[in-house]
Amino acid sequence: MASRARAGAKPDPAAPRLCVWVRNEAGRRGVPMLRSFQRWLEAIPALRRRKGMSEINILIVDGKSGRDYNRRFRARDYATNVLSFPYEPVAGEASGLLGDLVICAPVVAREAREQGKDPRDHYAHLAIHGALHLLGHDHEDDAEAERMEALERRILAGFGIADPYRGAEG
(Lines give C-alpha, C1' and ligand atoms only; values in the text may rest on other atoms or scores of the structure.)
Protein backbone atom coordinates (compact mmCIF):
# COMPACT_ATOMS: atom_id res chain seq x y z
CA MET A 1 0.00 0.00 0.00
CA ALA A 2 1.21 3.48 -0.68
CA SER A 3 2.40 5.20 2.47
CA ARG A 4 0.30 8.06 3.76
CA ALA A 5 1.78 11.54 3.85
CA ARG A 6 1.45 13.60 6.99
CA ALA A 7 -0.98 16.50 6.82
CA GLY A 8 0.67 19.42 5.05
CA ALA A 9 3.65 17.34 3.92
CA LYS A 10 4.52 17.30 0.24
CA PRO A 11 4.33 13.85 -1.36
CA ASP A 12 7.69 12.39 -2.28
CA PRO A 13 7.73 12.14 -6.11
CA ALA A 14 10.34 9.36 -5.88
CA ALA A 15 8.15 7.25 -3.61
CA PRO A 16 6.74 4.27 -5.44
CA ARG A 17 3.03 4.17 -5.90
CA LEU A 18 2.40 0.48 -5.70
CA CYS A 19 -0.56 -1.34 -4.26
CA VAL A 20 0.10 -4.98 -3.40
CA TRP A 21 -2.73 -7.27 -2.40
CA VAL A 22 -1.98 -10.62 -0.79
CA ARG A 23 -4.52 -13.37 -0.26
CA ASN A 24 -3.08 -16.28 1.67
CA GLU A 25 -5.02 -19.51 1.20
CA ALA A 26 -2.15 -21.72 2.38
CA GLY A 27 -1.96 -20.80 6.07
CA ARG A 28 0.33 -18.36 7.82
CA ARG A 29 3.22 -20.71 8.62
CA GLY A 30 6.37 -19.43 6.93
CA VAL A 31 4.56 -16.99 4.62
CA PRO A 32 5.84 -13.41 4.81
CA MET A 33 3.50 -10.58 5.69
CA LEU A 34 2.07 -8.13 3.16
CA ARG A 35 4.61 -5.43 4.10
CA SER A 36 7.49 -7.71 3.10
CA PHE A 37 6.04 -8.33 -0.35
CA GLN A 38 5.40 -4.60 -0.65
CA ARG A 39 9.02 -3.70 0.15
CA TRP A 40 10.46 -6.31 -2.21
CA LEU A 41 8.31 -5.23 -5.13
CA GLU A 42 8.86 -1.51 -4.50
CA ALA A 43 12.57 -2.14 -5.11
CA ILE A 44 11.98 -3.04 -8.77
CA PRO A 45 13.34 -0.09 -10.77
CA ALA A 46 10.67 -0.26 -13.50
CA LEU A 47 7.93 -0.01 -10.87
CA ARG A 48 9.61 3.03 -9.33
CA ARG A 49 9.63 4.74 -12.75
CA ARG A 50 5.99 4.04 -13.64
CA LYS A 51 3.62 6.97 -13.64
CA GLY A 52 0.45 6.62 -11.64
CA MET A 53 -0.56 3.80 -9.36
CA SER A 54 0.45 0.21 -10.07
CA GLU A 55 -1.20 -2.84 -8.59
CA ILE A 56 -0.09 -6.45 -8.20
CA ASN A 57 -2.22 -9.19 -6.67
CA ILE A 58 -0.53 -12.14 -4.98
CA LEU A 59 -2.32 -15.38 -4.16
CA ILE A 60 -0.52 -17.81 -1.84
CA VAL A 61 -1.80 -21.35 -2.38
CA ASP A 62 -1.34 -24.89 -1.11
CA GLY A 63 0.08 -27.75 -3.17
CA LYS A 64 -3.24 -28.95 -4.57
CA SER A 65 -4.24 -25.50 -5.78
CA GLY A 66 -0.72 -24.86 -7.10
CA ARG A 67 -0.96 -28.05 -9.15
CA ASP A 68 -4.46 -27.12 -10.37
CA TYR A 69 -3.31 -23.66 -11.54
CA ASN A 70 -0.23 -25.05 -13.29
CA ARG A 71 -2.26 -27.79 -14.99
CA ARG A 72 -5.02 -25.42 -16.08
CA PHE A 73 -2.85 -22.57 -17.36
CA ARG A 74 0.41 -24.26 -18.38
CA ALA A 75 -0.69 -27.85 -19.04
CA ARG A 76 1.87 -29.14 -16.54
CA ASP A 77 0.63 -31.60 -13.93
CA TYR A 78 2.64 -30.49 -10.91
CA ALA A 79 2.75 -27.55 -8.52
CA THR A 80 5.36 -24.93 -9.41
CA ASN A 81 6.79 -22.15 -7.26
CA VAL A 82 5.35 -19.04 -8.97
CA LEU A 83 2.99 -18.35 -11.85
CA SER A 84 2.56 -14.90 -13.39
CA PHE A 85 -0.61 -13.71 -15.07
CA PRO A 86 -0.11 -10.31 -16.74
CA TYR A 87 -3.22 -8.17 -16.98
CA GLU A 88 -4.09 -7.11 -20.50
CA PRO A 89 -6.32 -4.04 -20.44
CA VAL A 90 -8.88 -3.57 -23.17
CA ALA A 91 -8.20 -0.88 -25.75
CA GLY A 92 -8.43 2.57 -24.19
CA GLU A 93 -8.56 1.28 -20.62
CA ALA A 94 -6.36 3.15 -18.17
CA SER A 95 -5.45 0.56 -15.57
CA GLY A 96 -2.56 0.33 -13.16
CA LEU A 97 -3.18 -3.38 -12.67
CA LEU A 98 -0.08 -5.27 -13.77
CA GLY A 99 -1.48 -8.70 -13.02
CA ASP A 100 -1.54 -11.58 -10.61
CA LEU A 101 1.07 -13.85 -9.06
CA VAL A 102 0.26 -17.29 -7.69
CA ILE A 103 2.90 -18.55 -5.25
CA CYS A 104 2.73 -22.13 -3.98
CA ALA A 105 3.80 -22.14 -0.31
CA PRO A 106 4.75 -25.84 -0.02
CA VAL A 107 6.90 -25.64 -3.15
CA VAL A 108 8.65 -22.52 -1.83
CA ALA A 109 9.33 -24.27 1.50
CA ARG A 110 10.59 -27.45 -0.19
CA GLU A 111 12.84 -25.60 -2.66
CA ALA A 112 14.29 -23.41 0.09
CA ARG A 113 15.08 -26.49 2.17
CA GLU A 114 16.59 -28.40 -0.78
CA GLN A 115 18.64 -25.41 -1.97
CA GLY A 116 19.79 -24.36 1.51
CA LYS A 117 18.07 -20.97 1.26
CA ASP A 118 16.22 -18.96 3.85
CA PRO A 119 12.52 -19.42 2.96
CA ARG A 120 11.91 -15.67 3.34
CA ASP A 121 14.70 -14.94 0.84
CA HIS A 122 13.18 -17.45 -1.57
CA TYR A 123 9.78 -15.72 -1.27
CA ALA A 124 11.49 -12.40 -2.03
CA HIS A 125 13.16 -13.86 -5.10
CA LEU A 126 9.97 -15.47 -6.43
CA ALA A 127 7.86 -12.35 -5.86
CA ILE A 128 10.42 -10.23 -7.72
CA HIS A 129 10.83 -12.85 -10.45
CA GLY A 130 7.07 -13.07 -10.94
CA ALA A 131 6.63 -9.29 -10.97
CA LEU A 132 9.35 -8.96 -13.59
CA HIS A 133 7.34 -11.33 -15.78
CA LEU A 134 4.33 -9.03 -15.28
CA LEU A 135 6.52 -6.17 -16.51
CA GLY A 136 7.41 -8.07 -19.69
CA HIS A 137 10.71 -9.72 -18.75
CA ASP A 138 11.25 -13.32 -19.76
CA HIS A 139 13.89 -16.02 -19.88
CA GLU A 140 13.04 -17.84 -23.09
CA ASP A 141 16.56 -17.50 -24.48
CA ASP A 142 19.97 -17.21 -22.84
CA ALA A 143 20.36 -13.45 -23.39
CA GLU A 144 16.90 -12.67 -21.93
CA ALA A 145 17.55 -15.02 -19.02
CA GLU A 146 20.87 -13.37 -18.20
CA ARG A 147 19.35 -9.86 -18.27
CA MET A 148 16.43 -10.91 -16.07
CA GLU A 149 18.63 -12.83 -13.61
CA ALA A 150 21.12 -9.94 -13.38
CA LEU A 151 18.28 -7.58 -12.50
CA GLU A 152 16.95 -10.02 -9.89
CA ARG A 153 20.44 -10.33 -8.36
CA ARG A 154 20.81 -6.53 -8.11
CA ILE A 155 17.40 -6.06 -6.48
CA LEU A 156 17.92 -8.92 -4.03
CA ALA A 157 21.42 -7.72 -3.13
CA GLY A 158 19.81 -4.48 -1.95
CA PHE A 159 18.13 -6.56 0.74
CA GLY A 160 21.30 -8.49 1.58
CA ILE A 161 19.93 -11.59 -0.14
CA ALA A 162 22.49 -13.86 -1.79
CA ASP A 163 22.48 -14.66 -5.50
CA PRO A 164 19.56 -17.09 -5.89
CA TYR A 165 21.16 -18.63 -8.98
CA ARG A 166 24.52 -19.38 -7.39
CA GLY A 167 25.05 -23.09 -7.71
CA ALA A 168 21.88 -23.50 -9.81
CA GLU A 169 22.23 -25.47 -12.99
CA GLY A 170 20.90 -23.69 -16.06
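Structure's up top.
Residues numbered from 1 in each chain as written. Predicted model: local features only at pLDDT ≥ 70, side-chain atom pairs only at ≥ 80, totals over all residues. Heavy atoms only, no water.

Caption draft 1: Region of interest: the overall build of the chain. A count of helices and strands for the chain gives six helices and four strands. Seen in sequence order, the chain has helices and strands lined up from the N terminus as β-α-α-β-α-β-β-α-α-α. Counting only residues that meet the buried cut, the chain has 36% of its 170 residues in that class. For the chain, restricting intrachain contacts to residue pairs at least 6 apart in sequence, the fraction spanning at least 24 positions comes to 60%. For the chain, the exposed area adds up to about 10,200 Å²; of that, 50% sits on carbon and sulfur atoms. (Helix = DSSP H or I, 4+ residues; strand = E, 2+ residues; numbered from the N terminus. Buried < 20%, exposed > 50% of the residue type's maximum accessible area, 1.4 Å probe, protein only. Contact = heavy atoms within 4.5 Å. Areas by Shrake-Rupley, 256 points an atom, 1.4 Å probe, with all protein chains shown as cover.)

Caption draft 2: Inspection of the packing of aromatic side chains at higher detail. In total, this model carries four aromatic pairs according to the counting rule given. With 6.2 Å between their ring centres and 20° between their planes, Y69 and F73 make a pair best called stacked. A residue pair is termed a helical-turn pair when its members lie 3 or 4 positions apart in one helix, as Y69 and F73 do in helix α3 (residues 63-74) at four residues. One aromatic cluster is present, formed by F37, W40 and Y123 through successive ring pairs. The ring centre of Y69 lies 5.6 Å from the NZ or CZ of R72, which sits over that ring. (Phe/Tyr/Trp six-rings, centres within 6.5 Å; stacked < 30°, edge-to-face > 60°. Lys NZ or Arg CZ within 6 Å of the ring centre and 35° of its normal.)

Caption draft 3: Expanded view of the pattern of salt bridges. In total, this model carries 10 salt bridges according to the counting rule given. For K64, the salt bridge goes to D68, with nearest N and O atoms at 3.1 Å. On the criterion of helical spacing, the pair formed by K64 and D68 is a turn pair, its members being four residues apart in helix α3. What makes K64 exposed here is its relative accessible area of 61%. Beyond isolated ion pairs, a larger network of salt bridges with shared partners links K64, R67, D68, R71 and D77. (Salt bridge = Lys/Arg side-chain N within 4 Å of Asp/Glu carboxyl O.)

Caption draft 4: Quick look at helix α6 (residues 142-157). End to end, α6 covers 22 Å across 16 residues, agreeing with the expected 22 Å (1.5 Å per residue, within 8%). Buried within α6 we find A145, M148, E149, L151, E152, I155 and L156. When α6 is viewed along its axis, its buried side chains cluster within an angular range of 160° and face the same direction. Those residues of α6 that are exposed and aimed more than 90 degrees away from the buried face are D142, R147 and R154. Those residues of α6 that are buried lie in contact with α1 (34-42), α2 (45-49) and α5 (119-134). (Expected span 1.5 Å × (residues − 1). Arc of directions from axis to C-beta.)

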